[in-house]
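Residue-level listing of the chains:
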Amino acid sequence: MNVETPVDRAAAIKLALQAAVWAPSLHNTQPWIFAVSGDEISLRADTERRLRLADAEGREMLISCGAALFNLRTSLRASGVEPVVRVLPDPDRPALVARVRAGDFAVPDETSRLLNAEIERRRTHRAGFTSLPVPERLVRDLERQAVAEGARLRVIRDAGDVRLLAAVTEVAQLVQARDRQAGLEVVRWSRPPAAARRDGVPADAYPRSGARTEPRFAQRDYAWRHGWGSPDDQRFSTAPGVTAVLTTQGDDRESWITAGEALQAVLLRASGRGVSAAFHTQPLEIASLRELIGQVVCLGEHPQMIMRLGITFDHVATVRRSVAEMTEES
């Protein structure tokens, strides 16, 4: 394809919407709504899908919307259209995350093509990893990807800091486990086997008990009170994989959207090399623990996501609602 060969903008927009819905979100809540007007896509946060207890400020909701925005941008570029993006374009409409216009025709770059190919392949991993190491060259590449999007991927190489993050995650999980309402909020998004719903976490996408890691990184208890989930897989190692914290300089709504864009850039690049991510957001949902992590581990920057990166051979199916369900009249 070249700039002299125009592409169908309507087709490019349709593909971009199909890509956007595959962004990651807390408990697979898919908290976004789209509207199309001519050559422009509006991305709005679906506040009805925000977790009232775990995400009272909407930080994680906007991180998810930022990941969806990155998918929109990447898909349009892969289709040969340059995206023109305005983030938070209307102060009177705080739920309006961004407007993305299909701009000039442009030759798709190789990076956009590669990342776009991973959008539907990428999976959140909720079990353990194999003992295969993540190549250091890839780790450095992921760090550069985050910087390019305006954030920082802090790879935690100090064993003491890894133990600290694991301990704080364990504490946060214990605190939330004692809160019945918090437990019910998680269960609401835990899908039973063979459920017809197209959101939430499928029963075969999480283990019945937490992944075995040393030090132990606590997992969400999606199996709480019902025993759903996949049986533990003894193939996985107890090594935690590469531990990392995604941070931003600021901590406002625009910073959260930026964090989502950077997160998705990292996840898609990792997916292309066979590396998956397990997320541990529990301590970031408790203000005092989040502040502790920022000051002790992140040198004063604001932690937006805690993750472990590793290699797994599982290919767990996931679900998404249809584009039509997420698109409203412009």
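Residues numbered from 1 in each chain as written. Predicted model: local features only at pLDDT ≥ 70, side-chain atom pairs only at ≥ 80, totals over all residues. Heavy atoms only, no water.

A.B. asks: Account for empty space enclosed by the protein, naming residues and giving values.
C.D. replies: The gaps of empty space that remain are located by a probe, the size of a water molecule, rolled over the atoms. Applying the stated rule across the entire model yields 1 cavity of 30 Å³ or more. Put simply, the largest cavity is a space of about 50 Å³. What lines the largest cavity is Ser25, Leu26, Thr29, Pro31, Arg49, Arg50, Leu51, Asp55, Glu60, Met61 and Ser64. When its residues are assigned to classes, the lining of the largest cavity shows 4 nonpolar, 3 polar and 4 charged. (1 Å grid on protein atoms, 1.4 Å probe; cavity = no way out; pocket = protein on both sides within 12 Å on 5 of 7 lines; lining within 4 Å. Points joined across faces, edges and corners; volume = space filled by probe spheres on them. Nonpolar A, V, L, I, M, F, W, Y, C, P; charged D, E, K, R; others polar.)

A.B. asks: Now, about the packing of helix 1 (residues 9–20) against helix 2 (residues 59–78): what can you tell me, with residues and values included?
C.D. replies: Orientation of helix 1 relative to helix 2, taken along the N-to-C sense of each, is 145 degrees, at an axis distance of 8 Å. For the pair helix 1 and helix 2, the crossing hand works out as right-handed. In this structure, helix 1 contributes Ala12, Ile13, Leu15, Ala16, Leu17, Ala19 and Ala20 to the contact, and helix 2 contributes Ala68, Asn71, Leu72, Ser75 and Leu76. For the contact of helix 1 with helix 2, the residue count by class is 10 nonpolar, 2 polar and no charged. (Axes fitted to C-alpha atoms, helices over the stretch in contact; angles between N-to-C directions. Helix = DSSP H or I, 4+ residues; strand = E, 2+ residues; numbered from the N terminus. Left-handed = near helix turned anticlockwise from the far one by under 90°. Contact = heavy atoms within 4.5 Å.)

A.B. asks: If you had to explain the nonpolar core to someone new, which residues and values would you point to?
C.D. replies: It is characteristic of soluble globular proteins that their nonpolar side chains tend to be buried jointly. Phe34, Leu153, Leu246 and Met307 are the most contacted members of the largest nonpolar core, which has 61 residues in total. Here leucine 153 is in contact with Leu142, Glu143, Ala146, Ala244, Val245, Leu246, Val266 and Met307, once residues within four sequence places are set aside. Among the nonpolar cores identified, the runner-up in size contains 15 residues, and Leu165, Ala172, Val245 and Ile293 belong to it. (Core = buried A, V, L, I, M, F, W, Y, C linked by side-chain atoms within 4.5 Å. Buried < 20%, exposed > 50% of the residue type's maximum accessible area, 1.4 Å probe, protein only.)

A.B. asks: Help me get a handle on the pattern of salt bridges, residues and values and all.
C.D. replies: Pairs may arise between side chains of opposite charge once their charged atoms sit close together. Applying the stated rule across the entire model yields 20 salt bridges. The residue arginine 44 makes a salt bridge to glutamate 328 at a minimum N-O spacing of 2.8 Å. Taken together, the residues arginine 44 in strand 2 (residues 40–45) and glutamate 328 in strand 9 (residues 327–328) connect sequence positions 284 residues apart. Across the salt bridge formed by arginine 152 and glutamate 301, the nearest N and O atoms sit 3.3 Å from each other. Taken together, the residues span a long stretch of sequence, with arginine 152 in strand 5 (residues 152–155) and glutamate 301 in the loop between helix 8 (287–296) and strand 8 (302–311) at a distance of 149 residues. Given the relative accessible area of 8%, glutamate 301 is considered buried. Within this structure, Asp46, Arg49, Arg197 and Asp199 form a network of salt bridges that share partners. (Salt bridge = Lys/Arg side-chain N within 4 Å of Asp/Glu carboxyl O.)

A.B. asks: Tell me about the layout of surface pockets, residues and numbers included.
C.D. replies: The calculated volume of the second largest pocket comes to roughly 320 Å³. Looking at the second largest pocket, it is lined by 20 residues, and the ones nearest its centre are Glu57, Arg59, Leu284, Ala287 and Arg290. Elements with a contribution of two residues or more to the lining of the second largest pocket: helix 2, helix 8 and strand 8. Looking at which element gives the most residues to the lining of the second largest pocket, the answer is helix 8, with 5 residues. For the lining of the second largest pocket, the residue count by class is 7 nonpolar, 4 polar and 9 charged.

A.B. asks: Residues and numbers for the side chain of histidine 280, please.
C.D. replies: Along the chain, the position of histidine 280 falls in the loop between strand 7 (275–279) and helix 8. In terms of polar contacts, histidine 280 uses its side chain to reach the side chain of arginine 308, at 2.9 Å. When neighbours within four sequence positions are excluded, histidine 280 is seen to be in contact with Thr169, Phe217, Ala218, Gln219, Ile306 and Arg308. (Polar contact = N/O pair within 3.5 Å; in protein donor to acceptor, adjacent residues only side chain to side chain.)

A.B. asks: Could you give me a rundown of unusual backbone geometry, with the residues and numbers involved?
C.D. replies: In this chain, glutamate 214 is followed by proline 215 through a cis amide linkage whose omega measures 5 degrees. Structurally, proline 215 can be placed in the loop between helix 6 (180–188) and strand 6 (242–248). Its identity as a non-glycine residue notwithstanding, glutamine 30 has a phi of 55 degrees, on the positive side. Note that glutamine 30 resides in the loop between helix 1 and strand 1 (32–37).

A.B. asks: Break down the side chain of arginine 49 for me, with residues and values.
C.D. replies: Along the polypeptide, arginine 49 turns up in the loop between strand 2 and helix 2. A polar contact of 2.9 Å, which involves the side chain of arginine 49, links it to the side chain of aspartate 199. In this structure, arginine 49 is in contact with Thr29, Gln30, Pro31, Trp189, Asp199 and Arg321, ignoring residues within four places of it in sequence.

A.B. asks: Account for the sheet that holds strand 9, naming residues and giving values.
C.D. replies: If you walk across this open sheet you meet the 5 strands as 3-4-2-1-9, and the pairing is mixed. The open sheet has two edge strands, strand 3 (81–87) and strand 9, and neither has a second partner. One ladder, built from 5 bridges, connects strand 2 with strand 4 (residues 96–105); its direction is antiparallel. Of the residues in strand 4, the one forming a bridge with glutamate 40 is arginine 101. (Pairing = 2+ DSSP bridges.)

A.B. asks: How would you summarise the environment of glutamate 261 if you had to cite specific residues and measurements?
C.D. replies: Position of glutamate 261 among the secondary structure elements: in helix 7 (residues 253–271). In this structure, the C-alpha to C-alpha distance between glutamate 261 and glycine 150, residues 111 residues apart in sequence, is 8.7 Å. In this structure glutamate 261 touches Gly66, Ala67, Leu69, Phe70, Arg73 and Glu149, once residues within four positions along its chain are discounted.

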